Amino acid sequence: MKLEAMIPVLEGKMPLKAHAHRADDILTSIRIAKEFGVKLTLDHCTDGAVIADELAKEGYPAFIGPSLGSKSKVELTNKSFTTPAVLHEAGVPISIITDAPVIPLQYLPMCAGLASNAGLPYEDAWHAITINPARALEIDSRVGSLEVGKDADVVIWTADPIKSVGAEAFVTIVDGKIAPVEINYALILDRMYKGRLEDGDLDQFTNEQLASMKETCRIRRREIEYLYQMANSISF
């Protein structure tokens, strides 16, 4: 029947991920989940604020997004960065997503920051891109927070990525091991981007690498200018 992928869902081993924007589609997905007795996550949940109280009563987790970008179809009429705050206030378990590659994944912290700017408490904005999705997907025993016994995957940033546009990953640790090649590159690229190079910063790179770094800075400036324009055009 080519529906083998649904077996873990029907057995309750993983949630059904319902992609729904409109309120009626969201409520229909809930009805189907209850009818078949399966776990459920509400992905996109664009109209979630319209039915926040109903969603809170049902208790299913909402994966909200992508909120960055234009309202390209009628289903996105109510798209807003205020939705996470409204649902959180109502008691709905929320996560924030970019629906990558619709919005590139590197802009996830920015989306959390814009949601915080629109009313979602700062700490809850962090939870919405870390522990909340891990809990909703039932993998929080391994990832989602810094705790003894969990996967030792850690990122140290050059600035707070939720509060600062252009923050870079300064140190990346995977399975408890530092990724050394990217440490200096990320730091120096950040200095180059901000015009704060120090003596000796560029000595370790070839001319080809330097040209690539300069092009990366140029592209990043264009991306950030575009994102600022998009953010300024969004109604909260």
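Before any of the text, the structure's been laid out above.
Now for a look at the structure at hand. (Residues numbered from 1 in each chain as written. Predicted model: local features only at pLDDT ≥ 70, side-chain atom pairs only at ≥ 80, totals over all residues. Heavy atoms only, no water.)

Before going further, it helps to examine unusual backbone geometry. In this model, Gly65 is joined to Pro66 through a cis peptide bond whose omega is 0°. Within the secondary structure layout, Pro66 lies in the loop between strand 3 (62-64) and helix 4 (83-90). Residue Ala100 is joined to Pro101 through a cis peptide bond whose omega torsion reads 10°. Here Pro101 shows up in the loop between strand 4 (94-96) and helix 5 (108-117). Positive phi, normally seen in glycine, also occurs at Cys45, with a value near 50°. The topology assignment puts Cys45 in the loop between strand 2 (40-44) and helix 3 (52-58). (Helix = DSSP H or I, 4+ residues; strand = E, 2+ residues; numbered from the N terminus.)

Here Lys57 is to be found in helix 3. Of the residues examined, Lys57 reaches a relative accessible area of 73% and is grouped as exposed. (Buried < 20%, exposed > 50% of the residue type's maximum accessible area, 1.4 Å probe, protein only.)

Attention now goes to the pattern of salt bridges. Evaluation of the coordinates by the stated rule reveals nine salt bridges. Among the salt bridges present, the one from Arg22 reaches Asp24, with a minimum N-O distance of 2.6 Å. Arg22 sits in the partly exposed class, given a relative accessible area of 35%. A residue is classified by how much of its surface remains accessible, and Asp24, at 38% relative accessible area, is partly exposed. The salt bridge involving Lys39 is made with Glu138; its shortest N-O contact spans 2.8 Å. On the criterion of sequence distance, the pair formed by Lys39 in the loop between helix 2 (23-36) and strand 2 and Glu138 in the loop between helix 7 (131-136) and strand 5 (154-157) is long-range, its members being 99 residues apart. (Salt bridge = Lys/Arg side-chain N within 4 Å of Asp/Glu carboxyl O.)

What follows deals with the sheet that holds strand 6 (residues 169-174). Pairing in this open sheet of three strands is antiparallel, and the strands run 5-6-7 from one edge to the other. The sheet is open, and its two borders are formed by strand 5 and strand 7 (177-178), each paired with just one other strand. With four bridges connecting them, strand 5 and strand 6 associate as antiparallel partners. The residue bridging Val155 from the neighbouring strand is Thr172, located in strand 6. (Pairing = 2+ DSSP bridges.)

This part is about a nonpolar patch on the surface. There is a patch of nonpolar side chains on the surface, built from Leu3, Met6, Leu10, Ile32 and Phe36 and spanning about 470 Å² of accessible area. Mapped onto the fold, Leu10 is located in helix 1 (residues 7-10). (Patch = residues over 30% accessible without salt bridge, like charges linked within 9 Å, V, L, I, M, F, W, Y side chains within 5 Å. Areas by Shrake-Rupley, 256 points an atom, 1.4 Å probe, with all protein chains shown as cover.)

Moving on, we come to the packing of aromatic side chains. Taken as a whole and judged by the stated rule, the model has zero aromatic pairs. Sitting above the plane of the Tyr122 ring, Lys163 keeps its charged end 4.4 Å from the centroid. (Phe/Tyr/Trp six-rings, centres within 6.5 Å; stacked < 30°, edge-to-face > 60°. Lys NZ or Arg CZ within 6 Å of the ring centre and 35° of its normal.)

So, about the nonpolar core. In terms of nonpolar packing, the biggest core is built from 38 residues, with Ile26, Leu42, Leu55, Leu87 and Ile96 touching the most fellow members. Of all the elements in the fold, those that place two or more residues in this core are strand 1 (16-20), helix 2, strand 2, helix 3, strand 3, helix 4, strand 4 and helix 5. When residues in this core are grouped by element, the largest group, six residues, is from helix 5. Residues contacting Ile26, with those up to four places away along its chain left out, are Ala20, His21, Leu42, Cys45, Asp47, Gly48, Ile51 and Leu55. (Core = buried A, V, L, I, M, F, W, Y, C linked by side-chain atoms within 4.5 Å. Contact = heavy atoms within 4.5 Å.)

Our next topic: helix 5. Most of helix 5 is tucked away: eight of the 10 residues are buried. Immediately beyond the C-terminal end of helix 5, within one or two residues, lies Gly119, with a positive phi of roughly 125°.

This is a description of form; function is not addressed.
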